[in-house]
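One letter stands for each residue in the lines below.
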Amino acid sequence: MHKQLVLAAAAAALFLTGCETTDMRMGAPEAKTVATGAAAGGNAENANSQMEHCPSPLGTVSLVENQTAGWYTIVTQQYRLPPTSQLLRLMIQQSNCFVVVERGAAGMGAMSRERALMQSGEMRSGSNMGKGQMVASDYGMSPEVIFNQNDAGGMGGALGGRVGGIFGALAAGTKTREASVMLTLVDNRSGVQVAASEGSSSKTDWGGMGALFGGAGGGALGGYSKTAEGKVISAAFMDAYNQMVKALRNYRAQSVQGQGLGGGGRLGVDGAAAPSQTSAPGAGGAAMMSLKAAQQKLNDLGYHAGTPDGAMGRNTQNALRAFQQDQNLPQTGRLDRATSQALSAQ
């Protein structure tokens, strides 16, 4: 009876896994993640059919990984997977939504080495490895992985009732691996976050089989369970990236009404100086005129700014706009540097 149970469990394992011995095959579908194929320039070969595409790139992008984060340690040390940037590079180039530029430590080191060789005089003439050739990174994309792993313990009882305790123990080893990831896209010139997206995926693997059955079946299953984390992470990143691309297709820049980005915002701080009245030490140009002095100057010029009290009221804003219009300046109603300089010149 025990022998029959073992044979039944072994047959069930083969049925569930489709395990068979075959010759070495390149491009085997079962060995791939959702990120597959290749990319060369704007050309993509054998890309996943679920990948979102863009008719033309939206700009250049560099991958920014936080290598001190806990998730990065799990990915590279516990799961022994390559950095997530390698996965994202393929997805991004195949999508044709961005042109990827190198900013990783190894890549930048290689470029610096070539430039050092050029400067040493060792390279042949015409190699043209001098300055002024690197392409700027318009955007920085940062990945983050959030892990979750659940035991599919309920399957143990359901299957165990059919073939006894051995199959029940086998099913109890079943794992459902889940991953949730985040992607953020930041404009490198302004520091403004342009987009953010979340992606997720799940995968059930039969890790318990490798422990119960030796031979080809057990070995194949054990190998699959070791790569399950990689498969589920790559699927989650494709989900997040696809969602980001969809959002970017309908992109609308955020605008702070009446202030502009970095102009103070609509949530003012009581008692704080307006951003237009502050500057970094040693900033170029003449010193900024105080608002009180600007009010007095506007009154002297006939713009009726009201009592010079250093407070930005409606009369002062209207006076500034009128002065700015006469000086062919942007009519912001704020005492910015250009307006201050124009008032000082009067």
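Details of the structure are given in the entry above.
Keep in mind that what you see is a predicted model, and the values were worked out from it rather than measured.

### Overview of the overall build of the protein
For the protein, the helix and strand inventory stands at 11 helices and 7 strands. Within the span of the protein, comprising 346 residues, buried residues form 32% of the whole. Within the structure as shown, the protein displays about 20200 Å² of accessible surface, and the carbon and sulfur contribution to it stands at 52%.

### Topic: the packing of helix H9 (residues 291-300) against helix H10 (residues 314-326)
Packing of H9 against H10 leaves a shortest axis separation of 11 Å and a crossing angle of 65°. Regarding H9 and H10, the two cross each other, and that crossing is left-handed. Contacts between H9 and H10 involve Leu 291, Gln 295 and Leu 298 from the former and Thr 316, Ala 319, Leu 320 and Phe 323 from the latter. Broken down by class, the residue content of the contact of H9 with H10 amounts to 5 nonpolar, 2 polar and no charged.

### So, the packing of aromatic side chains
Evaluation of the coordinates by the stated rule reveals 3 aromatic pairs. A ring pair is formed by Trp 71 and Tyr 72, whose centres lie 5.7 Å apart and whose planes are at 80°; its orientation type is edge-to-face. Here Trp 71 falls in the buried class, since its relative accessible area comes to 8%. The class of Tyr 72 is buried, set by a relative accessible area of 9%. Here the aromatic rings of Tyr 303 and Phe 323 are separated by 5.6 Å at their centres, their planes lie at 90°, and the arrangement is edge-to-face.

### Describing the pattern of salt bridges
Close approach of charged atoms lets side chains of opposite charge pair. Under the definition given, this model contains 5 salt bridges. The partner of Lys 246 in a salt bridge is Glu 52, and the shortest N-O contact between them spans 3.8 Å. Remark: Glu 52 occurs in the loop between strand S2 (43-45) and strand S3 (60-63) and Lys 246 occurs in helix H8 (residues 215-249); sequence separation between them is 194 residues. Among the ionic pairs, Arg 89 bridges to Glu 102, the shortest N-O distance being 2.9 Å. A residue pair is termed long-range when its members are at least 10 positions apart, and Arg 89 in helix H3 (residues 84-95) and Glu 102 in the loop between strand S4 (99-100) and helix H4 (105-120) qualify at 13 residues. Accessibility expressed as a relative area gives 25% for Glu 102, which makes it partly exposed. One network of salt bridges, in which partners are shared, links Glu 52, Lys 246 and Arg 249.

### Quick word on the state of the cysteines
What the rule picks out here adds up to 1 disulfide. Between Cys 54 and Cys 97 runs a disulfide, and the two sulfur atoms are separated by 2.0 Å. Around the S-S axis, the bridge from Cys 54 to Cys 97 shows a dihedral of about 85° and counts as right-handed. Placement of the pair is Cys 54 in the loop between S2 and S3 and Cys 97 in the loop between H3 and S4, with a sequence separation of 43 residues. On the accessibility criterion, Cys 54 (11% relative accessible area) is buried.

Parameters at a glance
- Residues numbered from 1 in each chain as written.
- Predicted model: local features only at pLDDT ≥ 70, side-chain atom pairs only at ≥ 80, totals over all residues.
- Heavy atoms only, no water.
- Helix = DSSP H or I, 4+ residues; strand = E, 2+ residues; numbered from the N terminus.
- Buried < 20%, exposed > 50% of the residue type's maximum accessible area, 1.4 Å probe, protein only.
- Areas by Shrake-Rupley, 256 points an atom, 1.4 Å probe, with all protein chains shown as cover.
- Axes fitted to C-alpha atoms, helices over the stretch in contact; angles between N-to-C directions.
- Left-handed = near helix turned anticlockwise from the far one by under 90°.
- Contact = heavy atoms within 4.5 Å.
- Nonpolar A, V, L, I, M, F, W, Y, C, P; charged D, E, K, R; others polar.
- Phe/Tyr/Trp six-rings, centres within 6.5 Å; stacked < 30°, edge-to-face > 60°.
- Salt bridge = Lys/Arg side-chain N within 4 Å of Asp/Glu carboxyl O.
- Disulfide = S-S within 2.5 Å.

Take it as geometry only, folks, not as evidence of what the structure does.
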